[in-house]
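As a plain string of letters, each chain reads:
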Amino acid sequence: MRYAYFPGCVAKSSAPELYNSTAQVALRLGVELVELTAASCCGTGVLNEGDPFLNTVLNARTFAMAEDMNLDIITICSTCQGVMRQDKWRLDNDSNLFAKTNEALAKINTQYKGKVEIKHLLWALVEDYGLAKLEQQVERPLKGSKVAPFYGCYILRPNEVVQFESHENPTSFERLITALGGEPVSYDGKTKCCGFPILFVQRETAFEMSAAYLNNAKQAGADFMVTPCPLCHISLDLYQKKSVKRMKFDFQLPVMHLSQMVGLALGVEPARLGFARHLVSMAPVLRELSR
Amino acid sequence: MKTQEAVFRIFRFNPELSEKPHYQTFQVKIDNRMTVLDALEDIKHEQDATLTFRRSCRSGICGSCAMKINRLAKLACKTRAKTEMDNHGEILVEPMENMSPILRDLTVDMGEFWREIDRGTPWLVWEETLAGTIKENLLTNQQQRVPDTLANCIMCGCCFSDCVSRVFDKNFTGPASLAKIHRFVADPRDEVGEKRVPTLVEMGLWSCTHCYFCWSQCPRDVRPVAAISALRILSFNAGDTNQGARHVRAFMNSVKGTGMLNEARLYLETMRWTMLRDLDLIVKMATRGKAPSLFVRPIPKIEEARSLFQLTRGARQK
């Protein structure tokens, strides 16, 4: 398995633990990640509210790089995946935009052909690698830990664009958790918004959102939460203490990146997965798993 | 035609009889063609005449029968019962969210929704009409495209019901209202047009999180979230200085400079002095090696990205 790897800006700045743990997982599974080092930021759904055409052209340039290598793009960030996929969807369904974009790309001697696929690591594990095979690689099973999957938005919606699975009752995350030996927890809010996109504009609303869903997961008995998106992780881990306090709750719920959970189950040394960088301590979870 | 037994678990509430709602289960024989509305009619006619819900056209046009079906807002007349059974193993039917009070069973008071629509001056402002100088005002196909799509809205309330922001922020006017506003902003006949935009900040223009529920649940493919983005672009282009527009500007500058997002700069330029509230967090992040650097190295071939910036700017002016 070989992919054009688009780690995204956050994994390379405020969430280095995501970047590092993904490298560990790829190493264990023998997945080759060829990093698109010259790719630009996907725009995170913000740039396109300044200049949507620029957003599309920059992403089309990234697509062209992967196409030149004959590889599909893999991301470890739901938002990168979603934003890029929306641009691809627009390009593939709008011949004018397609032509205009390639006209711009011609000036830098490149071209988007339309054959690249954009995948999230979650889908690559479930579909390309296969859960049965992954299960055989598990060295440190999650031993019945109760795990709350937090899908969030971009990995599911708009369903017309994403189309990996139904946003009404997604199962990929639960199946992955089960394959790693954990017990998926069902709770209200797992497919809703973590609040991050409005964290810097409507802070209090964002806090109320994330605290509500963290609380639901906690009430459902979750030992920890897992997210496929580093932006969700900012909202759910970095700001957890503040959001929980605002809602006058009193609890802590550790939140892992998807790659960290997989790495842990594959037997990667916890110290190499960067849990120490989290703001909500992962110690209780690790203690339980090492017993 | 092949039939099967479907399990309907329905929210029941009659404020005249009880203070508390309950759920009641009905078995209904469904075939492949039946909609959830067909089945509800069957229940009403054959099992319990007191079951209360709104419906009228039965063809996805009037928007009356919006309700939560397996936890998401849908038109009962456009939702196939068998699909719901296949996906969920039962058909859970509840009244829409974000609207209260519940009047009876699946019927909600939609006043809250209508008040939000009214907040946005949802009509064409055209003083000439009032002055009595009515003349033909032709639109090109291109000019008509956006208003046409947005005018497909049937005011069913599905997007408003499933809007995540509205749950927590009652000042956020909601997706249908903003889509309706964009319908007139994008209409060249409207005399107020883009002048509607500056007032939208107070209505929560920047409160939408892009959760995409409104896009996914709209039975008429209106995609309200796209209208919200379009309005934000206008706010940004007009040089607005609200925090939302500032965030977009800071983001753009960051990508223009290095091709990458500079998290630290984006944060500081958007938050300004309000960052003081996060000082404790910043210190903790720094001690854990999570504080993003203020200096981001430009991507290799940054000149390519920069020239695309120039090109698209040119393309926009053309």
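Residues numbered from 1 in each chain as written. Chains lettered and ligands numbered in written order. Predicted model: local features only at pLDDT ≥ 70, side-chain atom pairs only at ≥ 80, totals over all residues.

A tally of regular secondary structure across chain B gives 14 helices and seven strands. Here chain B has a C-alpha radius of gyration of 25 Å; the compact-globule value for 318 residues is 20 Å, and the former is much larger. For chain B, the spread of C-alpha atoms along the three principal axes comes to 70 × 65 × 40 Å. Out of the 318 residues belonging to chain B, those deemed buried represent 41%. (Helix = DSSP H or I, 4+ residues; strand = E, 2+ residues; numbered from the N terminus. Rg over C-alpha atoms; globule rule 2.2 N^0.38 Å. Buried ≥ 20, exposed ≤ 12 C-beta atoms within 10 Å, placed from the backbone.)

A tally of helices and strands in chain A yields twelve helices and eight strands. Here the C-alpha atoms of chain A give a radius of gyration of 19 Å, agreeing with the 19 Å that 2.2 N^0.38 yields for 291 residues. Projected onto its principal axes, the C-alpha positions of chain A cover 60 × 45 × 35 Å. Taken over 291 residues, chain A has a buried fraction of 58%. Within chain A, contacts between residues separated by at least 24 positions form 82% of all contacts whose residues are at least 6 apart in sequence. (Contact = placed C-beta atoms within 7 Å.)

Turning our eyes to something else, we now look at the domain arrangement of chain B. Once the domains are mapped, chain B shows domain 1 (3-108), domain 2 (111-237) and domain 3 (243-317). Residue composition of the side of domain 2 of chain B that touches domain 3 of chain B, by class: three nonpolar, one polar and one charged. (Domains from an automatic or database assignment. Nonpolar A, V, L, I, M, F, W, Y, C, P; charged D, E, K, R; others polar.)

With that settled, the discussion passes to the domain arrangement of chain A. Residue and element names in this part refer to chain A. One can read the domain layout of chain A as domain 1 (2-119) and domain 2 (138-290). Put simply, the middle of domain 1 and the middle of domain 2, counted by C-alpha atoms, are 24 Å apart. Domain 1 puts 22 residues into the contact, and the matching count from domain 2 is 22 residues. It is helix 1 (residues 16-29) that contributes the most residues to the side of domain 1 that touches domain 2, nine residues altogether. Classifying every residue of the side of domain 1 that touches domain 2 gives nine nonpolar, ten polar and three charged.

Let us now look at the sheet that holds strand 2 (residues 32-35) of chain A. All names here are of chain A. Read across the open sheet, the four strands follow the order 2-1-3-4; overall the sheet is parallel. Looking along the sheet, the strands with just one partner apiece sit at the ends: strand 2 and strand 4 (118-120). In this sheet, neighbouring strand axes are inclined to one another by 40 degrees on average, regardless of whether the strands run parallel or antiparallel. Pairing of strand 1 (residues 2-6) with strand 2, which is carried by four bridges, proceeds in the parallel orientation. Among the inter-strand pairings, R2 is bridged to a residue of strand 2, identified as E32. Sheet strands touched by helix 5 (residues 121-137): strand 3 (73-75) and strand 4. Its angle to strand 4, the strand with the most contacts, is close to 90 degrees. (Pairing = 2+ DSSP bridges. Axes fitted to C-alpha atoms, helices over the stretch in contact; angles between N-to-C directions.)

Residues and elements named next belong to chain B. Relative to strand 2 (residues 22-31), strand 1 (residues 3-12) is paired through ten bridges, and the arrangement is antiparallel. Paired with F8 across the two strands is F26, which belongs to strand 2. Of the pairings in the sheet, the one linking strand 1 to strand 5 (residues 91-94) comprises three bridges and is parallel in character. In the sheet register, I10 faces strand 5, and the bridge partner there is V93.

Attention now moves to the sheet that holds strand 4 (residues 72-75) of chain B. Residue and element names in this part refer to chain B. If you walk across this open sheet you meet the five strands as 2-1-5-3-4, and the pairing is mixed. Edge positions in the sheet fall to strand 2 and strand 4, since each of these pairs with one other strand and no more. Taking each pair of neighbouring strands and ignoring which way they run, the sheet shows an average axis angle of 35 degrees. Helix 1 (residues 36-46) rests against strand 1, strand 2, strand 3 (66-69) and strand 5 of the sheet, and its axis sits at about 110 degrees to strand 2. Docked against the sheet, helix 2 (residues 81-88) engages strand 1, strand 2, strand 3 and strand 5, running at close to 110 degrees with respect to strand 5.

Glancing now at the interface of chain B and chain A. Every contact between the two is made by 55 residues of chain B and, on the other side, 50 residues of chain A. Those elements that provide at least two residues to the side of chain B that touches chain A are helix 2, helix 7 (164-168), helix 9 (213-217), helix 10 (224-237), helix 11 (243-258), helix 12 (263-271), helix 13 (279-287) and helix 14 (302-317) of chain B. No other element matches helix 14 of chain B, which puts nine residues into the side of chain B that touches chain A. Residue classes in the side of chain B that touches chain A are distributed as 27 nonpolar, 18 polar and ten charged.

Here we take up the nonpolar core. M225(A) and L231(B) are the most contacted members of the largest nonpolar core, which totals 179 residues. Once residues lying within four places of it in the same chain are set aside, the contact partners of L231(B) are L178(B), I181(B), H182(B), V185(B), V197(B), L200(B) and L205(B). (Core = buried A, V, L, I, M, F, W, Y, C linked by C-beta atoms within 7 Å.)

With that settled, the discussion passes to the packing of helix 3 (residues 111-119) of chain B against helix 8 (residues 175-185) of chain B. A pair of packed helices is characterised by two quantities: the angle between their axes and the separation of those axes. All names here are of chain B. One way to put it is that helix 3 packs onto helix 8 with a least axis distance of 8 Å and a crossing angle of 30 degrees. Put simply, helix 3 runs roughly parallel to helix 8. As for the relative orientation of helix 3 and helix 8, their crossing is right-handed in sense. Together, E116, I117 and R119 of helix 3 and A176, S177 and K180 of helix 8 make up the contact between the two elements. (Parallel < 35°, antiparallel > 145°, perpendicular 65-115°, else oblique. Left-handed = near helix turned anticlockwise from the far one by under 90°.)

Before going further, it helps to spend a moment on the pairing of strand 5 (residues 146-149) of chain A. All names here are of chain A. One ladder, built from two bridges, connects strand 5 with strand 6 (residues 183-184); its direction is parallel. Residue pairing in the sheet places V147 in a bridge with P184 of strand 6. The pairing of strand 5 with strand 7 (residues 224-227) spans three bridges and is classified as parallel. When the sheet's bridge partners are listed, A148 is paired in strand 7 with M225.

Now for helix 2 (residues 52-68) of chain A. In this model, helix 2 of chain A (17 residues) spans 24 Å end to end at C-alpha, consistent with the 24 Å of a helix rising 1.5 Å per residue. Downstream of helix 2 of chain A by one or two residues, N70(A) has phi in the positive range, about 60 degrees. (Expected span 1.5 Å × (residues − 1).)

Glancing now at unusual backbone geometry. Following R157(A), the chain continues to P158(A) via a peptide bond in cis, the omega torsion being -10 degrees. With respect to the element layout, P158(A) can be found in the loop between strand 5 and helix 6 (159-162). With an omega of 0 degrees, the peptide bond between S100(B) and P101(B) qualifies as cis. With respect to the helices, strands and loops of the structure, P101(B) is situated in the loop between strand 5 and strand 6 (102-104). Positioned with a positive phi, N109(A) is a non-glycine residue whose angle comes to about 60 degrees. Position of N109(A) among the secondary structure elements: in the loop between helix 4 (95-106) and strand 4.

In this section: helix 5 of chain A. Residues and elements named next belong to chain A. For helix 5, with 17 residues, the first-to-last C-alpha span of 17 Å runs short of the 24 Å given by 1.5 Å per residue. Buried within helix 5 are the following residues: L121, L122, W123, L125 and V126. Against the buried residues of helix 5 lie helix 1, strand 3, strand 4, helix 7 (172-179) and helix 11 (258-266).

This paragraph deals with the environment of D280(B). Residues and elements named next belong to chain B. Position of D280 relative to the elements: it lies in helix 13. What makes D280 exposed here is the crowd of 11 C-beta atoms within 10 Å. For D280 and Q27, which are 253 residues apart along the polypeptide, the C-alpha to C-alpha distance reads 57 Å.

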